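Overview (structure and organization)
The chain contents come next:
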Amino acid sequence: MESHALDIEELKSYVGFGPEDESELAALQGPAAKDLDTLLGRFYGTIDQHQGAREVFKDPEKQRPRLRRTMASWVLTLLEGPYDREYAERRLAIGRAHVQNQMPQRYMLTSMNVIRGWFMELCSRVHLDDPARILKAVHATNKVLDIELAMMLATYRDDLLARMQRQERLATLGELAAGIHHELKNPLAAVRTSAFALRERRSVRADARARGLLERIDTNVDRATEIITDLLSFARLRNPSRRNVSVHDLVKSAVGRVTIPPSIQLTLDLDPDLPAVNVDSAQLEQVIVNLLANAFDACGDDGGVRITSRMVAGRVAVVITDDGDGIHERDLLRVFEPLYSTKPEGVGLGLSLSQHLARANNAKLAIASTHGEGTAVTIVFGA
Ligand code: HEM
């Protein structure tokens, strides 16, 4: 999601950041590059002394060295500019990386102060004999760091707004679903019984075309009932009742509930020794059933679906992979939205409902897909 309300020019004008500041920052580039280790040491020092901050790194062995590199380049580009729209977009992407890593917003302030402190020392060292210049350089760095902080906080606000919109959408959908269910239950039942009564007629029994048409009525009434039931699942999302369950049992039980199309090869690759997960088994089974239905659909007339369970970055994960057509990149961003579907007959509830159920159980869904090669949906537990 883009930050619609963030305008870097407006921000620069508010903090009074101009060409003079830009040249002050440029003069710090060389000395800053030489002292990055001090900054990175302090940056990690503040994180390491606090358990909550340490735990933001779900895969520290990979993430910490990566962040050392990206932080170093963050400092250098901070001094280099140009401070244009593209710059703002790159910085907003960093903010979004924090949101995605569930980094609490409040941790940002202290680390920004660590960075400010280091810059002040740097300014004093670089302009040791010129107090007026020290002040100018300190002002310039303070302004640019204010801009950075404003951008980082904007990504948290965007995320909150997006979540609120999603909740509102779900609540509206819930009410709508209950209404539709109520209104359509009787008409659909009437269509079904009328079709049944017609089929019993001698003239109809003798008429192959009429029987075919009645069959179509039945199939479509079934389809409509299915859609309403899916809609209703949204309306009736109950609070999960969580207990420790084995992922192995969860997957097995979900697989037992689906009808595997004869043309599809389903392979289970389950690790029986994974730690138990704390979830509502009925809800998580529903998620797996939904994901399997999607995978079967994606395979079309033939193909393979694999369910794998394993540890991923210290968490139990179940991956459902299909070798179907894959999802287009532009659709991938929207597949979890309610009422968004890429299937001609789809209503667009399966994945959003699954994500909702997963979240309610402290699990997360992640989707990766290559158009033409297939899709992998991962359920990460305890995420
Ligand atoms: C002003 C302070 C901070 C700055 C300038 C900063 C900068 C960055 C940058 C440049 C990235 C790379 C983003 C990307 O690759 O798209 C990043 C990612 C990340 N940051 Fe920060 N960060 C700050 C504070 C923090 C704090 C306080 C934490 C944790 C408590 C944190 C945790 C992370 C994590 C976990 C990632 C993802 C790393 C990865 O998987 O590559 N950051 N940050």
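Before reading on, note that the structure itself is shown above.
Here is a short report on the structure shown in this document. (Residues numbered from 1 in each chain as written. Predicted model: local features only at pLDDT ≥ 70, side-chain atom pairs only at ≥ 80, totals over all residues. Heavy atoms only, no water.)

1. Some details on helix H7 (residues 106-126)
Spanning 21 residues, H7 covers 31 Å between terminal C-alpha atoms, matching the ideal 30 Å at 1.5 Å per step. Every buried residue of H7 is accounted for by Tyr107, Met108, Ser111, Met112, Val114, Ile115, Arg116, Trp118, Phe119, Leu122 and Cys123. Of the surrounding elements, those touching the buried residues of H7 are helix H2 (19-34), helix H3 (36-48), helix H4 (51-54), helix H5 (60-80), helix H6 (85-100) and helix H8 (131-199). (Helix = DSSP H or I, 4+ residues; strand = E, 2+ residues; numbered from the N terminus. Expected span 1.5 Å × (residues − 1). Buried < 20%, exposed > 50% of the residue type's maximum accessible area, 1.4 Å probe, protein only. Contact = heavy atoms within 4.5 Å.)

2. Looking at the site of the ligand
Taken together, 22 residues are adjacent to the ligand, and Gln63, Arg66, Leu67, Trp74 and His98 come closest. Note that an oxygen atom of the ligand is positioned 3.0 Å from one of the side-chain N or O atoms of glutamine 63. Within the side chain of arginine 66, an N or O atom sits 2.7 Å from an oxygen atom of the ligand. Broken down by secondary-structure element, the contributors of at least two residues to the shell around the ligand are H3, H5, H6 and H7. Looking at which element gives the most residues to the shell around the ligand, the answer is H5, with six residues. Counted by class, the shell around the ligand contains 16 nonpolar, five polar and one charged residues. (Near = heavy atom within 4 Å. Polar contact = N/O pair within 3.5 Å; in protein donor to acceptor, adjacent residues only side chain to side chain. Nonpolar A, V, L, I, M, F, W, Y, C, P; charged D, E, K, R; others polar.)

3. Some remarks on a nonpolar patch on the surface
Together, Leu160, Leu161 and Met164 line one region of the surface with nonpolar side chains, adding up to about 260 Å² of accessible area. Relative to the elements of secondary structure, leucine 160 occurs in helix H8. By relative accessible area, which is 45% here, leucine 160 ends up partly exposed. (Patch = residues over 30% accessible without salt bridge, like charges linked within 9 Å, V, L, I, M, F, W, Y side chains within 5 Å. Areas by Shrake-Rupley, 256 points an atom, 1.4 Å probe, with all protein chains shown as cover. Salt bridge = Lys/Arg side-chain N within 4 Å of Asp/Glu carboxyl O.)

4. Overview of the pattern of salt bridges
In this structure the tally under the stated criterion is 18 salt bridges. One salt bridge in this structure joins glutamate 89 and arginine 96, with 3.6 Å as the shortest N-O distance. The partly exposed category is assigned to glutamate 89, whose relative accessible area is 33%. For arginine 96, a relative accessible area of 26% corresponds to the partly exposed category. Of the charged contacts, one joins aspartate 159 and arginine 163 as a salt bridge, the two residues approaching to 3.1 Å between their closest N and O atoms. Linking aspartate 159 with arginine 163, this pair stays in helix H8, spanning four residues, or about one helical turn. Accessibility expressed as a relative area gives 25% for aspartate 159, which makes it partly exposed.

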